[in-house]
Amino acid sequence: MPKYRKSLQWVLAVFCVLGVVWHFYQNRQDLGLFGSLTLPIIALLLGLFILQLWLYSLNFYYVIISCAGSKIPFIDFFKTIIIGRFLSSITPQAGGVWRAIHLKHKFGISYTRYIGGFLCYLWLDAAMNILISVVIFALFAPEFKIGLISVWLFLIALAIAWFIANIAGTFVARILSGIGFNRLFASLGLFRASQGVDTRP
């Protein structure tokens, strides 16, 4: 098994490199823009990107471990974020699916707990965005309008939509929990009972 795993890692690495090469080939005009940047600007942009990715991972990490009730080394979780972003750039949501499988296989976090944590993160993120928007507009642009409609109507609509989505998400999560994501993933062949992987929710 270690030998096959090593081979799989090399295959994935080759596909990653080919994916990057293909992306730049399809977007050759971006290389011209990149070449116009100075080294200090490139270093600054790279640092800001890493900082943004680190903060995003840190927020998501604490939500997941709180919902899962399991200890995960942050550096391992950070790796799943990086790999997941790359996979999602190839196929939408592929990174989230891979992360759920990886956390289940390596750290024993059930699919239902991961999905619950992911929904909780989205809920908190939307709540913070609405709250920050309210503060910003209240302080700097209380009369701001989008077309002829006051921004406060949009914020109220967003808050109502967030509240309804929260209720609906909780209801759907309970239904899916009853179905059992682990059994569903196992039935798809992502994990085999013969491998000794727990298939309970």
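What counts, and where the lines are drawn
- Residues numbered from 1 in each chain as written.
- Predicted model: local features only at pLDDT ≥ 70, side-chain atom pairs only at ≥ 80, totals over all residues.
- Heavy atoms only, no water.
- Helix = DSSP H or I, 4+ residues; strand = E, 2+ residues; numbered from the N terminus.
- Buried < 20%, exposed > 50% of the residue type's maximum accessible area, 1.4 Å probe, protein only.
- Areas by Shrake-Rupley, 256 points an atom, 1.4 Å probe, with all protein chains shown as cover.
- Expected span 1.5 Å × (residues − 1).
- Phe/Tyr/Trp six-rings, centres within 6.5 Å; stacked < 30°, edge-to-face > 60°.
- Core = buried A, V, L, I, M, F, W, Y, C linked by side-chain atoms within 4.5 Å.
- Patch = residues over 30% accessible without salt bridge, like charges linked within 9 Å, V, L, I, M, F, W, Y side chains within 5 Å.
- Salt bridge = Lys/Arg side-chain N within 4 Å of Asp/Glu carboxyl O.
- Axes fitted to C-alpha atoms, helices over the stretch in contact; angles between N-to-C directions.
- Left-handed = near helix turned anticlockwise from the far one by under 90°.
- Contact = heavy atoms within 4.5 Å.
- Nonpolar A, V, L, I, M, F, W, Y, C, P; charged D, E, K, R; others polar.

1. So, the overall build of the chain
Scanning the chain for helices and strands turns up eight helices and two strands. The secondary structure elements of the chain, listed N-terminal to C-terminal, are α-α-α-α-α-α-β-β-α-α. Looking at the chain as a whole, 20% of its 201 residues qualify as buried. When the accessible surface of the chain is totalled, it reaches about 14,200 Å², and 73% of it is carbon and sulfur.

2. Details of helix α5 (residues 94–107)
Spanning 14 residues, α5 covers 19 Å between terminal C-alpha atoms, matching the ideal 20 Å at 1.5 Å per step. Buried residues of α5: Gly95, Arg99, Ala100, Ile101, Leu103 and Lys104, and no others. Where α5 terminates, the next one or two residues include Gly108, which has phi positive at roughly 75°.

3. Considering the packing of aromatic side chains
Inspection of the entire model under this criterion finds 14 aromatic pairs. When the ring of Phe137 is compared with that of Phe144, the centres are 5.5 Å apart and the planes differ by 35°; the resulting orientation is tilted. An aromatic cluster is built from Trp54, Tyr56, Phe60, Tyr61, Tyr62, Phe74, Phe77, Phe78, Tyr114, Phe118 and Tyr121, whose rings are joined through pairwise contacts.

4. So, the nonpolar core
Membership of the largest hydrophobic core comes to 19 residues, with the highest contact counts inside it found for Phe60, Ile64, Ile72, Phe77, Ile109 and Tyr114. Elements represented by at least two residues in this core include exactly α3 (39–68), α4 (74–90), α5 and α6 (111–140). With seven residues, the single largest contributor to this core is α3.

5. Remarks on a nonpolar patch on the surface
Together, Phe144, Ile146, Leu148, Ile149, Leu153, Phe154, Ile156, Ile160, Phe163, Ile164 and Ile167 make up a nonpolar patch on the protein surface, roughly 1,100 Å² of accessible area in all. Take the nonpolar patch: its biggest share by element is seven residues, from helix α7 (residues 151–179). You can see Leu148 is positioned in the loop between β1 (145–146) and β2 (149–150).

6. Brief notes about the packing of α3 against α4
Axis separation between α3 and α4 bottoms out at 10 Å; the angle between their running directions is 115°. Seen from above, α3 lies across α4 with right-handed handedness. Counted together, Phe49, Leu53, Trp54, Tyr56, Ser57, Leu58, Phe60, Tyr61 and Ile64 of α3 and Phe74, Phe77, Phe78, Ile81, Ile82 and Arg85 of α4 form the full contact between these two elements. Each residue belonging to the contact of α3 with α4 can be placed in one class, and the counts come to 13 nonpolar, one polar and one charged.

7. Comments concerning unusual backbone geometry
Despite not being glycine, Gln93 shows a phi value in the positive range, around 70°. Considering the arrangement of structural elements, one finds Gln93 in the loop between α4 and α5.

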